[in-house]
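Architecture and fold: a report
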Amino acid sequence: MSSIRLRASLLAGVAGLALVGLTACEPANTPENTSAASQSEMNENAPQSALIDRALAFTPPSVEARPVTIEQLGRTRTDNYAWLRDENWQQVMRDPSVLTPEIRTFLEAENAYYNEVMSPLSQLQETIYQEMRGRIREDDSSVPSRDGEWFYYSRFREGGQYPVFARRPADANGEISGEEQIILDGDAEAEGVEYFSLGAFEHSPDQRYVAWAVDTNGSEYYEIRIRDLETGEDIATLTDEGYGSLEWANDSRTIYWVWRDDSARPKRVYRQAIDSTERELVYEEADDGFFLGVSRTDGDSWISIYTGDHTTSEIRLYDANDPSAEAVLVSEREEGVEYSLTETGNGMFIRTNQDGAVDFQIMRAPVDDPRRENWEPFIEHRSGTYVNGLMGFENWLVRSERENALPRIIVRNVESGEEFAIAFEEEAFSLGMSGGYEFATDQMRFTYESPSTPRQTWDFNMATRERTLRKEQEIPSGHNPDDYTVRRINITARDGTAVPVTILHRVETPLDGSAPLLLYGYGSYGYSMPASFSIGNLSLVDRGMVYAIAHIRGGTDNGYQWYLDGKLDRKMNTFNDFVDAGRALAAEGYTGEGNIVAFGGSAGGLLVGAAMNQAPELFSGVIGAVPFVDVINTISDPTLPLTPPEWNEWGNPITDEAAYDYMLSYSPYDQVSAQDYPHLLATAGLTDPRVTYWEPAKWVARVREMRTDNGLTLLRTNMGAGHGGASGRFDSLRERAQDWAFALMVSGLADSEASVEVEEAPAEDAAE
């Protein structure tokens, strides 16, 4: 059983149960605010709202500019808000109480201002929250997965925030029987802590123990604990500096786990017996740009230590049957060459882009010696068909491919070579694969969903090709897919490239340019954006908004070349695609210019920030969730956790003048200028190690300083969470409800659901 299978069966299954639909230039002088009408005058399609008029009567908190001059590569830039970064930020990640008082005062004042502005929408937020919660079966459970004598599953209790992990015995016929044994009760474990997140949950091969990793403040430093399933008690804590990646050796007494350093980087892999305080260092990564992970191959022959960045990988294997095994280096790292391993009963299969296979080819090697010198071609590279994942069984190799921005699953008999695709019919959809725990089986599991179709979980017999529906995501409040239209269109970007866009709207929504639209995108790191079902998006669509996903360059939605065409010195393609998608959707009648809300998180926040600078007139509002917007400063600081691995994604502005100049040309924080802007909401997590809290804080301060209208510029900081926001399944819904209330307000759709008389002006300023 590989760790990939386990995470797919339990941790990823839990996510499915609660699915929510994640300068060289000196600053100009501070502009004078213009009249309240100037924002709406940007575009005749901009929505009018009494709520907006009320909100604009508040005075936002005053933020002091403290200019800092930065010299770099013979260039000079000025940062007015660098002081918002706590000098002791590393300790703040571990203990938020040590945050510098004046920074805390600033963040709390911004939260108070946000609350005042949004207070008339408290009932709307609650309504949206209840709608989303009503689409969740509160006592939901995952489909059980068998591992020998036990069936494992996760479930929620009515009203519970966190999952319960449990198992039940298998009888002689392979059916579930006997009493439930609770392995870990998430609600009980989370009692008394503000934040609770599991990074790993792995039972031992003999099924006696569970190793689990938990983060209780959002910093992503995990405690790794060992639980004895005979007593139900934790018997050891191996570390409180874990990365959340761990794996059992086959002796069920030895754990491989990853250690995180003071800069929050995974740097070492230790091997440790669960009854010993002694740990053995088996690997340490010297390159700060390479991150580590540990897993097991599908047939349990090897422990795999993976190290890599965004474009280069290296794997060391350790005999899973030998707790003192020495490393076998599969293939020494070679810049730009990626590879991964998948074990079957008829060979080790290697997915790799070596020899110019941009969309990846598949090689084959012996399981007992899969070093590179033993690789032989198996499935050749096919340009335009991106092989994005493999899953192995004793007699089968399953691969996930993407072509023309749509996924597919291909099943191959590794002995006969016969293969076939599992067919699907909708215009746009999303697929997921899960092998379960067992290797010697003809059964695989996959999930299917679309923007209008709730998730379905299927068991598929690879020998007979029979499908069995095991579960369909239940929507207790009711849902009819026929009420919605899902479209996949291609828009033409300014350089002539066809860019896919997925669209969801109600059947009766007018497509005459009058409907507001929320445009979502990401476009970085090669991540594709699935056309999946979201319980959250329906609350927008049911109120008359159109929801669209722009599958822009920088992801792998259209193959790996799609990713290469949206990174480094081609990064502007990402932002141009997004803006061009918005304009095309307006031209096609799905919305109107000035009536679009842009939404993106993390690197998607960079996207919407750059789009906002480039085409502010296109948007009525922008939501940047934990947005990566202070690009040039972050990527110039090698002490930050993610900076060194980012250089081959964005370029290295510390040593490369061309990279510096190009990065500066799109960095949202640095390119804020004296112009009218759409209404803006940025969110932050105080203990976020990925996008640090000061990035959105500085961005908000600078937009508010520079904008030439008096539009809203809001910052909402979760003072007790990290990159993913609130950890409980219902608490996270509340955060999304707040985002959607803002989107509806700036789209002119919230006034009728306001909880106060919005005609009344506020009695006093929030900042007072």
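Just above, that's the structure.
1. Here we look at the packing of aromatic side chains
Counted by the stated rule, this structure contains 32 aromatic pairs. Ring centres of W89 and W694 lie 6.1 Å apart, and the angle between their planes is 70 degrees; on these two criteria the pair is classed as edge-to-face. Residue W89 is found in helix α5 (residues 89–94), and its partner W694 is found in helix α16 (residues 694–706); the two are separated by 605 residues along the sequence. Here W89 matches W694 in class, with each residue buried. Note on F360 and Y560: the rings are 5.3 Å apart at their centroids and 75 degrees apart in plane angle, and the pair reads as edge-to-face. Within this pair, whereas F360 is found in the loop between β19 (347–352) and β20 (361–365), its partner Y560 is found in helix α10 (residues 560–564), the two being separated by 200 residues in sequence. Just as F360 is buried, Y560 falls in that class too. Within the aromatic cluster, the residues linked to one another by ring pairs are F420, F424, F429, F446, Y448, W458 and F460. Looking at R66, its charged tip hangs above the ring of W83, at a distance of 4.0 Å from the centre. Over the ring of W259 we find R268; its NZ or CZ atom is 4.2 Å from the centre of that ring.

2. Thoughts on the layout of surface pockets
The gaps of empty space that remain are located by a probe, the size of a water molecule, rolled over the atoms. Reported here for the second largest pocket is a volume of approximately 480 Å³. Forming the boundary of the second largest pocket are 23 residues, of which R146, Q443, R445, D459 and R470 lie nearest the centre. Elements supplying a minimum of two residues to the lining of the second largest pocket: β3 (145–147), β27 (443–449), β28 (456–461) and β29 (466–472). The residue makeup of the lining of the second largest pocket, split by class, is 5 nonpolar, 11 polar and 7 charged.

3. Regarding the nonpolar core
Buried together is how nonpolar side chains tend to be arranged in soluble globular proteins. Of all hydrophobic cores here, the largest spans 125 residues; its most connected members are L518, F578 and M745. The biggest single contributor to this core is helix α17 (residues 729–746), with 10 residues. Each residue touching L518, except ones within four places of it in the same chain, is listed here: L540, M545, V546, Y547, A548, V597, F599, W740 and A743. In terms of nonpolar packing, the next biggest core, distinct from the first, is built from 16 residues, I226, A236, L246 and I255 among them.

4. Points about helix α12 (residues 603–614)
With 12 residues, α12 should cover 16 Å at 1.5 Å per step; its first-to-last C-alpha distance of 17 Å lies within 8% of that length. Of all 12 residues in α12, 11 are buried; the element is thus mostly enclosed. Inspection of α12 places A603, G604, G605, L606, L607, V608, G609, A610, A611, M612 and N613 among the buried residues, and these make up the whole buried set.

5. Looking at the sheet that holds strand β9 (residues 222–228)
Pairing is antiparallel across the open sheet formed by 7 strands, whose spatial order is β7-β8-β9-β10-β11-β12-β13. Because the sheet does not close on itself, it has two edges, and the strands there are β7 (197–203) and β13 (279–284). Within this sheet the neighbouring strands show an average axis-to-axis angle of 30 degrees, counted without direction.

6. Side note on the packing of helix α7 (residues 122–134) against α17
Interhelical geometry of α7 versus α17 gives an angle of 130 degrees and a closest axis separation of 8 Å. As the angle between them shows, α7 and α17 are arranged oblique. Between α7 and α17 the crossing geometry is right-handed. When α7 is examined against α17, the residues L124, Q125, E126, I128, Y129, M132 and R133 are found in contact with a partner set consisting of F730, L733, R734, R736, A737, Q738, W740, A741 and L744. Here the residues of the contact of α7 with α17 sort into 10 nonpolar, 2 polar and 4 charged.

7. Considerations on the pattern of salt bridges
One pass over the full model with this rule turns up 60 salt bridges. Note that E373 is salt-bridged to R371, the shortest N-O span being 3.4 Å. Accessibility expressed as a relative area gives 31% for R371, which makes it partly exposed. Among the ionic contacts, a cluster of salt bridges with common partners joins E131, R135, R506, E508, D542, R543 and E753.

8. A word on α17
Under the 1.5 Å per step criterion, the end-to-end length of α17 is 27 Å for 18 residues, consistent within 8% with the ideal 26 Å. At the exit of α17 stands G748, carrying a positive phi of roughly 80 degrees.

9. Considering the sheet that holds strand β6 (residues 181–185)
In space, the 4 strands of this open sheet follow the order β3-β4-β5-β6, with antiparallel pairing throughout. Of all strands in the sheet, those with a lone pairing partner are β3 and β6, marking the two edges. Strand-to-strand twist of the sheet, defined as the mean angle between neighbouring strand axes without regard to direction, takes the value 25 degrees. Inspection of the sheet shows strand β5 (residues 164–169) paired to β6 by 4 bridges, in the antiparallel sense. Its bridge partner being in β6, A166 is matched across the sheet by I182.

About the thresholds
Residues numbered from 1 in each chain as written. Predicted model: local features only at pLDDT ≥ 70, side-chain atom pairs only at ≥ 80, totals over all residues. Heavy atoms only, no water. Phe/Tyr/Trp six-rings, centres within 6.5 Å; stacked < 30°, edge-to-face > 60°. Helix = DSSP H or I, 4+ residues; strand = E, 2+ residues; numbered from the N terminus. Buried < 20%, exposed > 50% of the residue type's maximum accessible area, 1.4 Å probe, protein only. Lys NZ or Arg CZ within 6 Å of the ring centre and 35° of its normal. 1 Å grid on protein atoms, 1.4 Å probe; cavity = no way out; pocket = protein on both sides within 12 Å on 5 of 7 lines; lining within 4 Å. Points joined across faces, edges and corners; volume = space filled by probe spheres on them. Nonpolar A, V, L, I, M, F, W, Y, C, P; charged D, E, K, R; others polar. Core = buried A, V, L, I, M, F, W, Y, C linked by side-chain atoms within 4.5 Å. Contact = heavy atoms within 4.5 Å. Expected span 1.5 Å × (residues − 1). Pairing = 2+ DSSP bridges. Axes fitted to C-alpha atoms, helices over the stretch in contact; angles between N-to-C directions. Parallel < 35°, antiparallel > 145°, perpendicular 65-115°, else oblique. Left-handed = near helix turned anticlockwise from the far one by under 90°. Salt bridge = Lys/Arg side-chain N within 4 Å of Asp/Glu carboxyl O.

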